[in-house]
Structures are given as structure tokens and as C-alpha cells.
Amino acid sequence: MSSKKLNLTLKVWRQPGPNAKGEFKTYYAKNISSDASFLEMLDIVNEELEAKGEEPIAYEHDCREGICGTCGMVINGRPHGPLQGITTCQLHMRHFKDGDVIYIEPFRARAFPVIKDLIVDRSAFDKIIQAGGFISVNTGSAPEANSIPVKKENADLAMDAAACIGCGACVAACPNASAMLFVSAKVSHLALLPQGLPEREIRVQRMVAKMDELGFGNCSNIGACEAECPKEIKITNIARLNREFYRAKFLSNVEE
Amino acid sequence: MALESKIPAGPIQDKWTNHKFNLKLVSPANKRKYDIIVVGTGLAGSSAAASLAELGYNVIVLTFHDSPRRAHSIAAQGGINAAKNYPNDGDSIYRLFYDTLKGGDYRAREANVYRLAEVSNNIIDQCVAQGVPFAREYGGLLDNRSFGGAQLSRTFYARGQTGQQLLLGAYSALSRQVGLGRVKLYTRREMLGLVVIDGMARGVVARNLVTGELERFAGHAVVLATGGYSRVFYLSTNAMNCNATAIWRAHKKGAFFGNPCFTQIHPTSLPLHHEQQSKLTLMSESLRNDGRVWVPKQKGDKRHPNDIPEDERDYYLERMYPSYGNLTPRDIASRAAKRMCDEGYGVGETGQAVYLDFSDAIKRLGKKVIEERYGNLFQMYEMITGDNPYEVPMKIYPAPHYTMGGLWVDYNLMSTIPGLFVIGEANFSDHGANRLGASALMQGLADGYFILPYTIGDYLASHKFIPVKTDHEEFIKEENAQKDLIKRLISINGKRTVDDLHRELGKIMWDYVGMSRNAEGLTKAIQMIGDLREEFWRNVKVPGNDADLNQTLERAGRVADFMELGELMARDALHRNESCGGHFREEYQTEDGEAKRDDENFAYVAAWEFKALGEWVLHKEPLVFEYVKPSTRSYK
Ligand SMILES: Cc1cc2nc3c(=O)[nH]c(=O)nc-3n(C[C@H](O)[C@H](O)[C@H](O)COP(=O)(O)OP(=O)(O)OC[C@H]3O[C@@H](n4cnc5c(N)ncnc54)[C@H](O)[C@@H]3O)c2cc1C
Ligand code: SF4
Ligand code: FES
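Colleague: How do you make sense of the overall build of chain A when you look at a structure like this?
Modeller: Along its length, chain A carries eight helices and seven strands. When the backbone C-alpha atoms are referred to their principal axes, chain A occupies close to 65 × 40 × 35 Å. Counted over contacts in chain A with a minimum sequence separation of 6, partners at least 24 positions apart contribute 70%. In the structure as shown, chain A presents an accessible area of about 10,200 Å², 51% of it carried by carbon and sulfur atoms. Positive and negative charge centroids in chain A, built from 30 and 32 side chains respectively, lie 3 Å apart.

Right under this line is the structure:
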């Protein structure tokens, strides 16, 4: 691939703290290689700001390989930017044109308060997992691994769901700021495996209750989450979550 | 101070079992009286914290990440080893032990490596029970593949996301304990200082990365699970925030540093392709199962790879190492690639790359199978380079990846500071001078699930603890020291950015303390690093203030530590007058360019004691081989 140099105008959301008022500020990214990643472009802008003694744009990132789920911003109105199936850190500048104006904002949702600039607090996701997103097995008490055969088809489907990186783009994309895609991915992953079955009912009920408590919105089947999910987590997981939830409710009523 | 490795007596097969029996126990009712601080939530930290909490200890967990699930372990791609012998290809605990010890070029402790192999099978059981979706065969049973340095299939994997799935397993176990109130989790906290009282590790001082406040945490023992230090090279396959601060600050408080120069350069990373690059991306070693490495036979051949006929290609790994072929260990594969490029056979715009070609595998197995095995890696490759690896061979080049060195620990995983335990990549323990693929995940989880939970109990049960609160003068002293350091960083207000200085350090490290080293270069590097460090403290610029989220300040502190660690790495490399594993000294090589070990003079662990900056004392822990007699490693 031959590389080109790009000059861009950035409109970046700057917000000094959680309670401060935020605003868009304009920056110029000059002489950016089209081979650079989007975050490398931001690094260059930041290093220029630092050299001038100004505070760089705060944003989060770590692996830069699309797997840790740390990065995430809304680029030109779309979580993780214009391409399908990738994270912000996997976006490269060859997908932009010289002279483009790019709007960059944090993920916005009631349950994800802004900490600074493009950084938001996604600890609500951890709280949902803490409420039930696990199989209760203490270290040392596991049976021989091959004593639990799993149909390959189910193992593959479980893996598809388990690929969720917890980035929160689904919430940012949803007009209701619902966390259903994230929760359904975890519920599906565990419900599809025999190891997950003993806690099948209690898990889904606890996770859904926690999600509601934390201020995420309801799901109204819009599908924006699936469209923006960098790991292409399928919306069919939400259908499975709903089935699991009603099944659990039904069974717990019967038991009572 | 004499180093006591505490390796138990007896035959190697019985050492760990006997040792467990001899360890003192803390009674269930007493466990809740002990507070254990775990720093780091990667595979090692999460598995340890969850297991300790399950046992009944009070556990305090710190991570600088916003969530435990973000730890760098999440990025591991290829797989995890175990000696299950499911494929019936002759594997055993002994063979895994043997391969790992040999792979490490006989610079690790036999007893540790054997124990690692011994618990490997329990790890797979544990992970499967947690719901880790490992790859399976049609019959529903677990699938395996092979990795470098092994002639059989013992690697368990979850597509190209094994680290992610294992970490999510450990994270879910940890989350369960957080939910139950047995673990107090503090995210966005960076440990800056270790608090030692009466010679025992009793707490840490950490910075709240959101408010900038310094916070104190007290406990009966401290566990560091803070990962490796490859970012000293600036460009590496590690995540951007990986750093050495926790272990380095503990080192300066008295924890010896083991084999700092043993670093791994991974053969299959994407080559550098533009000058603004911030990191190198790993292409999992598992690709070498089906990919063939080659360069054109003719120097400077500029033809498109698909136009170069079969007989004009040099599959140099297959040629030089026929019995392991493309699956030679990493150090050997990396050096071979470097040699090819240095001799002018390299490909791509820079000439600093070799091909990794899947066309034969696609012909043999079909595109679908390849996609199933490596789909996400191929996609990642295309995303970054714009080339489609199903059609054009990948271009790869070696990159800093893993650090075998780390804080020295005894058989109980305790450092030279009583009460300070070190697990996972942060310690020096099991990989000697070179780590085999798929064995870091194994080691992290072995340490966290199956070793530390036993050994830490012995320490707690056999020591008397004076009550310590966070208003103890040592806490105040440590907090003030950290405050001063931060104030100093901010007040310099010089001309160079943190990244600019880090890049310069990385270049020195790569040029002189990288894939091949010599005495002259190392001596020069020590001088250059010292000068650069002096410039750092005179000329770095850190905007913003300390009472706020300040990412430049975070990076500045980490780079300041790398500037010191880099020097120790160079000194260690200079003192080790031999070549072994990832440590290749040009002066010590065989006629055909292979590493020449010197068992007579260097069969020891180099454990460095910090005295003052630029001043270290070397302690040697001799390595005794009772079971496997060190031989010249041959993969031919
Ligand atoms: C791209 C890549 C692929 C890999 N693939 C494989 C593979 O296929 N198989 C294999 O076996 N190995 C692989 N490895 C190696 C392996 O992933 C790592 O060695 C291993 O995961 C390290 O785990 P850890 O728990 O020791 O540390 P990490 O996972 O690095 O975790 C470190 C933790 O410490 C925390 N921390 C660090 N410093 C501080 C501080 N000062 N204060 C507070 N918290 C702190 C971090 O927040 C984090 O939670 C790979 C490595 C890379 C880079
Ligand atoms: S479901 Fe997709 S968008 Fe939502 S958190 Fe998971 S990976 Fe991110
Ligand atoms: S930085 Fe890890 S997913 Fe983007």
C-alpha cells in the first residue's frame, strides 16, 4: 500500500471534569501518514499540545489491537467510527481524505458518566458481571476437563458471544442507552454451555436486575447496537436473553 | 544476604507434593484476619485474588485499568500449554517439563519448571469449569494445536483469543468474589510505592488516577502481578500502558531483580511501516503451524511475492532446522530473520521483513479451515496493512514481546523482601533465557490458582505481625516521597515530551540491548542511558497538574523508571559473557552463528541488589541440573 499525507481538522469534545461543562474545540492534525492509526493521529496532535505546554486530549486506549475494550469514542456520530466490525484503535487513516473535518466525542449514556474529555466511567459493566456473570466454581474443585463434552456447535456459538470486549459501544449507539447486547452476550455464552446450566435462572435474573438498577435504558429492538458492535455480537443473543429471562421468571414462579 | 531458593529436597516428581504437605496452614477461622494486597488483575493477579478470597482471606485488589478485564493478558492470542496428552502423541508432565527447560536454554530452576508442568493440567480443568470456550472437536472434546519448540500438540486455544477467554474466566471468578464482598476492588489506582515495616512488606501507596490523590493500603502481605517490561523498548507488542513501575520501585526498596537482560524478541510481529507508529502488532506464533517462512533466494528481489517461483524461494527455517522447521523456538526464529535481513534478503519497502506464507496450507486444508483457525488474525493483519493474507503472504519481523527477567523469587514465589510475593510475568521464575509459546498463560495461572494460595499461607502462619495502620510513619514517609517525585516531574517544565524521550530510550535499547549484543555496544548504551536520564530530569515537559486525571504525568513516572531499568538490563547483558536463549552476545557464537552457552561460568541466576542509581551488587543463585543434563540446544 502506498502511503499519503493527510491534513485534517478535528472538532474534539473537551470537558475538564465530570461536572464541568464541555465544548467542542478545534485542532489541526497535519502531515498524518495514511498508514497511521486513528489513535496515532491523536497522539501526534497530543504531542504537539504537550510541547506547547497545553493539556493533551484525554482518551483511553491500551492494547491497540481491538481486544482489551479500553478505547472507544464517537467519531463523526458513530461509536468506533465509520467502519463496521472494528474498534477505534483498529481504525486507520487511510479511510479518511485529505481536508476532512472529523468530530470526536465520548460515548454518551446516563450509566457512563464522563470523567474527562473522551474518557467515560464504564464500571457499571463490571457491576453487572459481579451480580451474576460467572459460573460459581472454586479453584481446585473442577472435574477433568474432557469429562464435560460440549457440542462443537454450542461451543462455537458460546465463543461468538464470549468475544464481547466490554467496550460499551452498544450502549453508546442505542437511543435508549440500553446494555442489552452486552448482558445478552454474557448470558448467552454461559447458557450455551453445560457448565453454565446449574445457575442458569438465577444468573439471568440477577444480571438483568442489576442492569435496570444502574440506569441503563430498555431495549426497543432498534438494532443500532449490533450495527456498531466491533465484535459483531449478534442481536439474536438478545432474543436468547429474553427467552432465558422469561423462562427463569416462569420457573421461579412455579417454585414459589 | 545469601539467596535461598527454598527448593524442597526429594525426587523431582515429589517435591511439590511434599512441600505442600510441609507448608504451615492458616485455619479457616483465622484467614479472615489477614489482609492481602494484590496489585494487578491480569491472569496472575485475577486468579490469585479470586483463589485467596475463596479461601477466606480479605483481599484488596488494585489495578491502573478502569476494569480488571482490560489487563494486558487479554491480548494473548495463541494458546496455553498443558500436558494432557489428549492427542495421544506421547506427551507427559515430564516431557512438558523437559521441553520448557530446554526451550529456556537451561537457565531456569528444574524444580520450578517441573511444578509448572505438574499443575498445567489442573489449569485446563479449572478454566473449562469456569466456562472458557476452548476450541473443540466434533465429538465435543477439546482440540489441541502445536506451538514453537515442541514436536507435539499440547496447546489449548480459543480461536485467536485465548488470553481474552482465560482472562475473562479469571475475571469472572474475581468478580464473583467482589460481588460477595470478599474482595475490595480499586480500579484506576496506580501503585507507586511499597511500604516496608520492620523488614516486611506491609502496604502500598497508590495514586488515584482520577482525582490525583495518593492513597495508602495496609495489609499482611503484598502480591505484585504487574506484568512485564518490554515497553522499555518503546516499540513492542505489549499494550501501551504496560510498565515496570511497581516492580522497579519494589526493587529499589530491596527486592532483587533476576536476569533483567533476558528479554524475548518475538519472530512474528508486523514490521514497522511508518515513522509515526506507536506499537508493533503481534501475529500469533500459532500461525507458524500452517504458515511457511521464506525470503527470495536472490538478494534485493523486488518482484511481487506471488511472482517468485517456488524454486527461487528460500524456506530458510525448514532448510536450517529440518526437524522443527517453521516451529523452531522464538529466539532462534527471530535471529534467523534478522540474519536474513542483515544479509540483504529482506523484503518490503524497508528490507526489514520476511514472508509468512499460507498458500500451501490453504491449498491443503481449504480456506475455510484456515479462516476458522486464524480468521481474526488475518482480519487484524488486513486492517493494519491493507493487504489480504489469504492472497498475499504476510510480511513479518521480530519485535520485543516478553520479559523472562523480573523480580527474583524463591520457590514460594516470595521476593527478597519478606511478605512481598511476585507472580506472573513480573517475576523471573520459570522461563530461563527464553520462553516457549503458550507457556506464559500457563505460568500466570499456575502461580495465581495453584501455587501462591498455598505458599502465602505458610508465610502468614509462620510470622508474627505487629498491627499496622495507614497512619504508620512509614506510610507517611512513602507518601511524601511519592508526592515529591510527582511535584518534581511537573515542575521541570523543560522542552521535550515524555514520548520523545521514551522513543530515544527505546532506540538505544533496540540498537544495543536488543536481539544481538556486544560488549562495546552495551558499554556505550550504559553511558547513553545515563546521559538520557540526566536529560529527562532536566528537560522533560509535563503539562497539567497533579490533582487531576493527568495521563502525561502517568507516562512520565513510568518512563523515569524505564530509564533506570534500561541501564540495569544493559549491565546484566554485559556481565553475562555467554549467549543463551534470547540473550545473544555476538562474541559468543558457534561457527554457524548459533548461541554458545557457557555452563561452567554462567549456569546461575543473576540477582541484582540495588544500592544506588548506577550501583548494583550481583548475587548468584547457582542452577543445579539433576534430571536434565544441559546440552547444546539443537533444533536441527
Ligand atoms: C500480543 C501478545 C500475545 C501473547 N500471546 C500469548 C500466548 O498466546 N500464550 C502465552 O502463553 N502467552 C502469550 N503472551 C504473553 C502473556 O500474555 C503475558 O505474559 C501474560 O498475560 C502476563 O500476565 P500477567 O498477569 O503477569 O500480567 P498482565 O496481564 O500484564 O497484567 C498486569 C496487571 O497489573 C496492573 N498493573 C501494572 N502495574 C501496576 C501498578 N503500578 N499499579 C496498579 N496496577 C498495575 C495492570 O493494570 C494489569 O491489571 C502474549 C503477550 C502479548 C503481548
Ligand atoms: S456487545 Fe459489542 S459493543 Fe457491546 S460491549 Fe460487547 S463488544 Fe462492545
Ligand atoms: S485499545 Fe484495546 S480495544 Fe482498542
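Colleague: What is the right way to read the site of ligand 2 from this model?
Modeller: Residue and element names in this part refer to chain A. In the neighbourhood of ligand 2, 13 residues make up the surrounding shell, with C164, C167, G168, C170 and C229 lying closest. Counting residues per element, the ones that place at least two in the shell around ligand 2 are α4 (169-173) and α5 (180-191). The residue inventory of the shell around ligand 2, partitioned by class, reads eleven nonpolar, two polar and no charged.

Colleague: How do you make sense of the nonpolar core when you look at a structure like this?
Modeller: Grouped burial of nonpolar side chains is what soluble globular proteins tend to show. Counting 202 residues, the largest nonpolar core has F216(A), I80(B), F134(B), L194(B) and L224(B) as its most contacted members. Per-element tally for this core: the top contributor is helix α12 (residues 440-461) of chain B, with twelve residues. Ignoring any residue separated from it by four or fewer positions in sequence, one finds F216(A) in contact with A111(A), F112(A), A124(A), F125(A), I128(A), V171(A), A177(A), S178(A), A179(A) and M211(A). In this structure, L287(B), C341(B), L377(B) and Y381(B) belong to the second largest nonpolar core, which totals 34 residues.

Colleague: Even after reading the chapter, I still don't get the confidence of the model for chain B, so can you show me in this structure?
Modeller: Any residue range with low pLDDT should be treated as having predicted coordinates unsuitable for detailed reading. The predicted model of chain B averages 96 in pLDDT, with 100% of residues at 70 or higher. Scored as a whole, the predicted complex attains pTM 0.97, and scored at its interfaces, ipTM 0.98.

Colleague: Teacher, can you tell me more about the interface of chain A and chain B here?
Modeller: Accessible area lost when the parts come together is the quantity often used to give the size of an interface. Between chain A and chain B, the contact holds 79 residues from the first and 83 residues from the second. Buried area between chain A and chain B, summed over both chains or domains, comes out near 6,500 Å², and the portion from carbon and sulfur atoms is 49%. Per-residue buried area on chain A facing chain B is highest for E65(A), K152(A) and M159(A); these three make up 11% of the total on that side. Counting across the interface, chain A meets chain B through nine salt bridges. For R159(B), the salt bridge goes to D160(A), with nearest N and O atoms at 2.8 Å.

Colleague: I'm lost on a nonpolar patch on the surface in this one. Help?
Modeller: All names here are of chain A. A cluster of nonpolar residues, F24, V101 and Y103, forms a patch on the protein surface that exposes about 260 Å² of accessible area. Relative to the assigned elements, Y103 resides in strand β5 (residues 101-105). Of the residues examined, Y103 reaches a relative accessible area of 38% and is grouped as partly exposed.

Colleague: What am I meant to see in the site of ligand 1 here?
Modeller: Residues and elements named next belong to chain B. In the neighbourhood of ligand 1, 37 residues make up the surrounding shell, with H65, H72, S73, M191 and E425 lying closest. Contact distances for ligand 1 include 3.3 Å between a nitrogen atom and a backbone N or O atom of Q77. E425 has a polar side-chain atom sitting 2.7 Å from an oxygen atom of ligand 1. Across the complex, the protein chains shield 98% of the 1,000 Å² of accessible surface that ligand 1 would expose by itself. Elements with a minimum of two residues in the shell around ligand 1: α3 (43-55), β6 (189-197), β15 (394-403) and α12. At three residues, β6 tops the list of elements feeding residues into the shell around ligand 1. When its residues are assigned to classes, the shell around ligand 1 shows 16 nonpolar, 17 polar and four charged.

Colleague: Hey, could you run me through the sheet that holds strand β11 (residues 263-269) of chain B in this one?
Modeller: Each strand in a sheet pairs with another by means of backbone hydrogen bonds, the pair being arranged parallel or else antiparallel. Residue and element names in this part refer to chain B. Pairing in this open sheet of five strands is antiparallel, and the strands run β11-β15-β14-β12-β13 from one edge to the other. Each end of this open sheet is capped by a strand with a single partner; those strands are β11 and β13 (313-314). Here two bridges tie strand β12 (residues 292-296) to β13, and the two strands are oriented antiparallel to one another. Each bridged residue has a counterpart across the sheet, and for V295 the counterpart in β13 is D314.

Colleague: Would you explain the environment of L214(A) in this entry?
Modeller: Residues and elements named next belong to chain A. Considering the arrangement of structural elements, one finds L214 in the loop between α6 (200-213) and α7 (224-228). L214 gets classed as partly exposed once you look at its relative accessible area, which sits at 22%. Between the C-alpha atoms of L214 and F125, which are 89 residues apart in sequence, the distance is 9.3 Å. The residues touching L214, leaving out its near neighbours within four places in the chain, are A111, A124, K127 and I128.

Colleague: Explain the environment of L62(B) here, please?
Modeller: Residues and elements named next belong to chain B. Relative to the elements of secondary structure, L62 occurs in strand β2 (residues 58-62). What makes L62 buried here is its relative accessible area of 0%. Linking L62 and E190, residues 128 residues apart in sequence, is a C-alpha distance of 7.4 Å. The residues contacting L62, other than those within four sequence positions of it, are V38, V39, G40, T41, Y186, R189, V204, A206 and F217.

Colleague: Even after reading the chapter, I still don't get the packing of helix α14 (residues 498-512) of chain B against helix α15 (residues 519-539) of chain B, so can you show me in this structure?
Modeller: Packed helices, taken two at a time, are described by the angle their axes make and the gap between the axes. All names here are of chain B. In the contact formed by α14 and α15, the axes pass within 10 Å of each other and the chain directions differ by 175 degrees. The angle between α14 and α15 places the two elements in the roughly antiparallel class. Taking contact as the criterion, the partners of L501, E504, L505, I508, M509 and Y512 in α14 are, on α15, G521, L522, K524, A525, M528, I529, L532, E535 and F536. Tallied by class, residues from the contact of α14 with α15 come to eleven nonpolar, one polar and three charged.

Colleague: How should I be thinking about the pattern of salt bridges in this particular structure?
Modeller: Pairing is possible between side chains of opposite charge, provided their charged atoms come close. Per the counting criterion, the structure on display carries 70 salt bridges over all chains. Two residues, K116(A) and D548(B), come together in a salt bridge whose shortest N-O distance is 2.9 Å. Here the residue K116(A) occupies a position in strand β6 (residues 114-116), and D548(B) occupies one in the loop between α15 and α16 (551-575), the pair thus bridging two chains. Accessibility classification places K116(A) together with D548(B) in one group, the buried group. Note that D360(B) and K363(B) form a salt bridge whose closest N and O atoms lie 3.8 Å from each other. In this pair, D360(B) and K363(B) are both assigned in helix α10 (residues 359-365), three residues apart and thus about one turn of the helix distant. Accessibility expressed as a relative area gives 27% for D360(B), which makes it partly exposed. Here the residues in one salt-bridge network are R292(B), E310(B), R313(B), E318(B), D357(B), D360(B) and K363(B), joined through shared partners.

Colleague: Looking at this structure, how should I read unusual backbone geometry?
Modeller: Across residues other than glycine, the phi torsion is negative in most instances, and most of the peptide bonds are trans. All names here are of chain A. At E232, a residue that is not glycine, the phi angle is positive and equals roughly 50 degrees. Assignment of secondary structure puts E232 in the loop between α7 and α8 (236-255). The partly exposed category is assigned to E232, whose relative accessible area is 43%.

Colleague: Please explain the domain arrangement of chain B as it appears in this structure.
Modeller: All names here are of chain B. Taken domain by domain, chain B comprises domain 1 (266-400) and domain 2 (473-595). With centres defined by C-alpha atoms, the gap from domain 1 to domain 2 works out at 31 Å. Of the residues lining the interface, nine residues belong to domain 1; the matching set on domain 2 comes to ten residues. Around 760 Å² of area is buried between domain 1 and domain 2 when both sides are counted, 59% of it from carbon and sulfur atoms. Taken together, the links from domain 1 to domain 2 amount to zero salt bridges. Put simply, domain 1 and domain 2 have two residue pairs in polar contact (both at pLDDT 80 or more) between them. Contributions of two or more residues to the side of domain 1 that touches domain 2 are made by α9 (330-342) and β15. Within the side of domain 1 that touches domain 2, the residues separate by chemical class into four nonpolar, one polar and four charged.

Procedures and definitions
Residues numbered from 1 in each chain as written. Chains lettered and ligands numbered in written order. Predicted model: local features only at pLDDT ≥ 70, side-chain atom pairs only at ≥ 80, totals over all residues. Heavy atoms only, no water. Helix = DSSP H or I, 4+ residues; strand = E, 2+ residues; numbered from the N terminus. Contact = heavy atoms within 4.5 Å. Areas by Shrake-Rupley, 256 points an atom, 1.4 Å probe, with all protein chains shown as cover. Lys, Arg positive; Asp, Glu negative; His and termini not counted. Charge placed at Lys NZ, Arg CZ, Asp CG, Glu CD. Near = heavy atom within 4 Å. Nonpolar A, V, L, I, M, F, W, Y, C, P; charged D, E, K, R; others polar. Core = buried A, V, L, I, M, F, W, Y, C linked by side-chain atoms within 4.5 Å. Buried < 20%, exposed > 50% of the residue type's maximum accessible area, 1.4 Å probe, protein only. pLDDT = per-residue confidence, 0-100. Buried area = accessible area lost by both parts, 1.4 Å probe. Salt bridge = Lys/Arg side-chain N within 4 Å of Asp/Glu carboxyl O. Patch = residues over 30% accessible without salt bridge, like charges linked within 9 Å, V, L, I, M, F, W, Y side chains within 5 Å. Polar contact = N/O pair within 3.5 Å; in protein donor to acceptor, adjacent residues only side chain to side chain. Pairing = 2+ DSSP bridges. Axes fitted to C-alpha atoms, helices over the stretch in contact; angles between N-to-C directions. Parallel < 35°, antiparallel > 145°, perpendicular 65-115°, else oblique. Domains from an automatic or database assignment.

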